[in-house]
Amino acid sequence: MSVAIADDLRAAHVDYLLRLGDSALILGQRLSEWCGHAPVLEEDLALANVALDLIGQARLLLSHAGVLEGHGRDEDQLAFLRAEREFRNVTMVELPNGDFARTVLRNFLFTAFQREVMTGLQGSADAALAAITVKSLKETRYNLEHAAGWVVRLGDGTDESHARIQRAVDELWPYTEEWFAPDAGDEALAGAGIALCWSNTRGAWTDAVTPVLEAATLVIPAGTAFRSTGRLGVHGEHLGPLLSEMQVLQRTYPGATW
Amino acid sequence: MYTQAMDIAAARGEDPAPGQVTDAGYQAEFDAKIDRGDFIEPKDWMPEAYRRTLVRQISQHAHSEIVGMLPEGNWIGRAPTLERKAILLAKVQDEGGHGLYLYAAAETLGVSRDTLVEALHAGRAKYSSIFNYPTLTWADVGVIGWLVDGAAIMNQIPLCRCSYGPYARAMIRVCREESFHQRQGYDLLLAMMSGTAAQRDMVQDAVNRWWWPALMMFGPHDAQSLNSGDSTRWGIKRITNDELRQKFVDATIPQAKLLGVTVPDPDLRWNEARGAHDVGAIDWDEFWSVVNGNGPCNQERLAARIRAWEEGAWVREAAMAHAAKSEARAAGGR
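What counts and how
Residues numbered from 1 in each chain as written. Chains lettered and ligands numbered in written order. Predicted model: local features only at pLDDT ≥ 70, side-chain atom pairs only at ≥ 80, totals over all residues. Heavy atoms only, no water. Helix = DSSP H or I, 4+ residues; strand = E, 2+ residues; numbered from the N terminus. Rg over C-alpha atoms; globule rule 2.2 N^0.38 Å. Buried < 20%, exposed > 50% of the residue type's maximum accessible area, 1.4 Å probe, protein only. Contact = heavy atoms within 4.5 Å. Salt bridge = Lys/Arg side-chain N within 4 Å of Asp/Glu carboxyl O. Disulfide = S-S within 2.5 Å. Phe/Tyr/Trp six-rings, centres within 6.5 Å; stacked < 30°, edge-to-face > 60°. Buried area = accessible area lost by both parts, 1.4 Å probe. Polar contact = N/O pair within 3.5 Å; in protein donor to acceptor, adjacent residues only side chain to side chain. Nonpolar A, V, L, I, M, F, W, Y, C, P; charged D, E, K, R; others polar. Axes fitted to C-alpha atoms, helices over the stretch in contact; angles between N-to-C directions. Left-handed = near helix turned anticlockwise from the far one by under 90°. Core = buried A, V, L, I, M, F, W, Y, C linked by side-chain atoms within 4.5 Å. Parallel < 35°, antiparallel > 145°, perpendicular 65-115°, else oblique.

## What to know about the overall build of chain B
In step 1: A count of helices and strands for chain B gives 14 helices and two strands.
In step 2: Whereas a compact globule of 334 residues would reach a radius of gyration of roughly 20 Å, chain B reaches 22 Å, a difference of no more than 12%.
In step 3: A principal-axis box enclosing the C-alpha atoms of chain B has dimensions of 70 × 50 × 30 Å.
In step 4: Looking at chain B as a whole, 53% of its 334 residues qualify as buried.
In step 5: By sequence separation, contacts in chain B at least 24 residues apart represent 78% of the contacts at least 6 residues apart.

Given below as structure tokens:
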């Protein structure tokens with residue numbers, strides 16, 4: 001009985017790490033698409049920086065998940081050899097970049113969420129996870145500042161930039177609901193002092209994003225019944241093509257080392 | 001953040017335009033500085049032809065860095081491990097950084113970044129022809145690091161001592177980072193060469209495709225080089241194209257042997273008498289064809305840059321509008 005509980009907790013723990021790690025990885029993959037194509041050279045560099053931070057976080061989280069899982073999978077086996085349904089990223093990060101407004105708005109919303117989660121995880125009973133979040137929090141704060149700056153700039157800038165970023169808010173906002181949905185696995189982990197319930201971050205996240213959106217003169221849309229379910233492994237149609245690209249060499253040359 | 005670069009020449013106001021100053025005293029002072037090996041700095045008087053040559057060369061160099069992000073960027077999404085992905089992304093980001101400080105160095109000569117970028121998009125300014133070749137396999141990423149960055153380093157190390165201070169200082173940093181990229185590229189190839197037969201074939205194929213374009217990076221033979229005379233006199237160019245190419249070949253062939261690849265030149269052999277490698281004939285028709293716009297990727301590279309610039313126009317306008325509004329609000333609040 002106690003072994004079964006421990007196994008359940010371990011599975012939830014691995015799942016929790018994958019939710020964090022996969023979200024970072026997939027957003028990092030998306031952001032790296034901008035490299036060489038941004039509206040201004042400074043943003044080629046900045047978006048690449050954010051992508052590098054996210055990929056760095058993903059490597060630490062996936063490695064840790066692999067060790068905990070105990071099946072000998074390393075960061076690359078988890079990143080390159082899992083199928084679409086095994087990925088646990090939230091759906092928003094897999095959506096195509098769209099224009100620059102949509103890209104920076106997603107960075108803003110998601111990084112604000114990351115900041116709240118990581119702040120809560122600094123005291124985790126999982127010492128490795130605590131150490132990863134302490135390290136990642138500093139870069140996350142910086143990335144949030146960068147994204148928030150652009151949200152205000154575009155919201156306040158011209159009629160066109162305002163319209164574009166308001167459209168991004170309207171389109172992306174419904175995908176934030178998923179982040180705060182109650183989850184039995186998270187609750188068990190929270191009880192063990194390992195993780196925090198993602199639903200508990202909602203208040204702090206709302207307090208963080210609202211003033212910036214207001215400063216940008218953007219309107220937060222009314223809630224809808226839409227719920228994305230990426231972190232349960234049920235994604236939209238965009239993750240498959242993204243993985244096809246990301247995993248192509250590992251899939252084409254099985255067993256090769258690079 | 002982005003700020004609209006000012007037209008520095010116009011903003012100088014009371015300063016005479018550089019080309020109008022023909023005072024023999026200024027010229028003598030400039031010549032003496034060059035002879036002593038002193039740096040020429042942005043506020044120093046300089047001959048108009050010197051300024052023009054530097055603007056052309058530095059901006060061409062900056063454009064090469066920016067266009068050069070595209071062929072390698074093609075593989076960021078498909079890098080085979082997370083570590084390789086991070087290395088490649090950081091590398092391409094470095095190239096963007098090089099572009100940024102080279103544009104800044106060019107701006108010290110009184111020309112704005114926007115003007116230079118516009119010249120690139122209009123086809124008036126060139127960039128290194130090597131980036132008009134496609135990256136077809138993951139091995140290309142390694143070979144670009146090893147051969148293309150290797151050739152760039154050979155070209156650029158002498159520029160760390162060039163007579164124009166801002167350019168020389170920018171090149172010191174660029175060369176340091178390029179050396180790192182070259183080692184990373186070689187490391188990637190070593191890993192592939194100790195892998196499967198398919199991986200080794202990929203590396204050899206990539207070397208076959210990039211070898212000659214890499215040799216062409218040093219430019220035409222000395223006898224045909226148009227810009228060398230003045231540049232040498234001014235301390236901008238210190239070693240000739242052929243000398244640099246020779247140094248590159250002599251340094252690279254032992255590395256190819258260590259790696260276990262051959263170069264696609266049946267005439268390549270060690271010349272004991274010269275203490276250097278003899279190299280087969282370079283296909284200069286191909287070189288000029290690519291320079292003149294007919295390489296495999298010329299159209300796509302330029303189109304990608306223009307598209308990024310045009311699709312980003314509303315972002316730059318928004319940033320300017322927000323800055324102006326913020327300033328007005330601050331002034332109103334005072």
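## Quick notes on the pattern of salt bridges
Residues and elements named next belong to chain A.
In step 1: Applying the stated criterion across every chain yields a total of 32 salt bridges over all chains.
In step 2: Between Glu171 and Arg102 there is a salt bridge whose closest N-O contact spans 2.7 Å. Here the residue Glu171 occupies a position in helix α6 (residues 159-172), and Arg102 occupies one in helix α4 (residues 100-121), the gap between them amounting to 69 residues.
In step 3: Looking at Glu171, the relative accessible area reads 36%, which means it is partly exposed.
In step 4: Linked by salt bridges that have partners in common, Asp15, Arg19, Arg88, Asp183 and Asp186 make up one network.

## Some words on unusual backbone geometry
Residue and element names in this part refer to chain A.
In step 1: For Thr217, which is not glycine, the phi dihedral falls at a positive 55°.
In step 2: Positionally, Thr217 belongs in the loop between α8 (202-215) and α9 (239-246).
In step 3: The class of Thr217 is partly exposed, set by a relative accessible area of 45%.

## What about the state of the cysteines?
In step 1: Summed over the entire model, instances satisfying the criterion amount to zero disulfides over all chains.
In step 2: In this structure Cys175 of chain B is not part of a disulfide, and its nearest cysteine sulfur, from Cys160 of chain B, lies 3.8 Å away.

## Section: the packing of aromatic side chains
Residue and element names in this part refer to chain A.
In step 1: Enumeration over the complete set of coordinates arrives at 25 aromatic pairs over all chains.
In step 2: Between Phe100 and Trp150, the ring centres sit 5.0 Å apart and the planes meet at 85°, which makes this aromatic pair edge-to-face. One end of the pair, Phe100, is in helix α4; the other, Trp150, is in helix α5 (residues 127-156), with 50 residues separating them in the sequence. Exposure class is identical for Phe100 and Trp150. Each is buried.

## What about the interface of chain A and chain B?
In step 1: With 46 residues of chain A in contact, the opposing surface of chain B contributes 49 residues.
In step 2: Taking both sides of the interface into account, the surface hidden between chain A and chain B amounts to around 4000 Å²; carbon and sulfur atoms contribute 69%.
In step 3: On inspection of chain A and its partner chain B, the count reaches two salt bridges.
In step 4: In this structure, the salt-bridge partner of Glu42 of chain A is Arg113 of chain B, at a minimum N-O distance of 2.6 Å.
In step 5: Joining chain A to chain B, the criterion identifies 15 residue pairs in polar contact (both at pLDDT 80 or more).
In step 6: At the level of secondary structure, the elements contributing two or more residues to the side of chain A that touches chain B comprise α1 (2-32), α2 (41-69), α3 (75-80), α4, α5, α6, α9 and α10 (248-252) of chain A.
In step 7: Looking at which element gives the most residues to the side of chain A that touches chain B, the answer is α2 of chain A, with eleven residues.
In step 8: Residues belonging to the side of chain A that touches chain B are distributed by class as follows: 25 nonpolar, ten polar and eleven charged.

## Quick word on the packing of α2 of chain A against α4 of chain A
Residue and element names in this part refer to chain A.
In step 1: Packing of α2 against α4 leaves a shortest axis separation of 13 Å and a crossing angle of 35°. Crossing of α2 against α4: the hand is left-handed. Seen from α2, the contacting residues are Glu43, Leu47, Val50, Leu54 and Gln57; seen from α4, they are Phe100, Thr103, Asn107, Gln114 and Met118.
In step 2: Considering only residue class, the contact of α2 with α4 consists of five nonpolar, four polar and one charged.

## Describing the nonpolar core
In step 1: Ranked by internal contacts, the top residues of the largest apolar core, which has 175 residues, are Leu105, Phe108, Leu109 and Leu154 of chain A together with Trp138 and Tyr164 of chain B.
In step 2: The element that contributes the greatest number of residues to this core is α2 of chain A, accounting for twelve residues.

## A short note on the side chain of Thr111 of chain A
All names here are of chain A.
In step 1: One can find Thr111 in helix α4.
In step 2: Here the side chain of Thr111 touches Asn107 through a polar contact of 2.3 Å, landing on its backbone oxygen.
In step 3: Aside from chain neighbours lying at most four places away, what touches Thr111 is Arg106, Thr140, Asn143 and Leu144.

## What about the environment of Leu109 of chain A?
Residues and elements named next belong to chain A.
In step 1: Take Leu109: it is sitting in helix α4.
In step 2: Classification of Leu109 as buried rests on a relative accessible area of 1%.
In step 3: Sequence spacing of Leu109 and Ala215 is 106 residues, and the spatial spacing of their C-alpha atoms is 15 Å.

## Re the packing of helix α8 (residues 165-193) of chain B against helix α11 (residues 241-259) of chain B
All names here are of chain B.
In step 1: Packing of α8 against α11 leaves a shortest axis separation of 10 Å and a crossing angle of 30°. On the basis of their axis angle, the class for α8 and α11 is roughly parallel. Listed contacts from α11 to Gln182, Tyr186, Leu189, Leu190 and Met193 of α8 are Gln255, Leu258 and Leu259.
In step 2: Counted by class, the contact of α8 with α11 contains six nonpolar, two polar and no charged residues.

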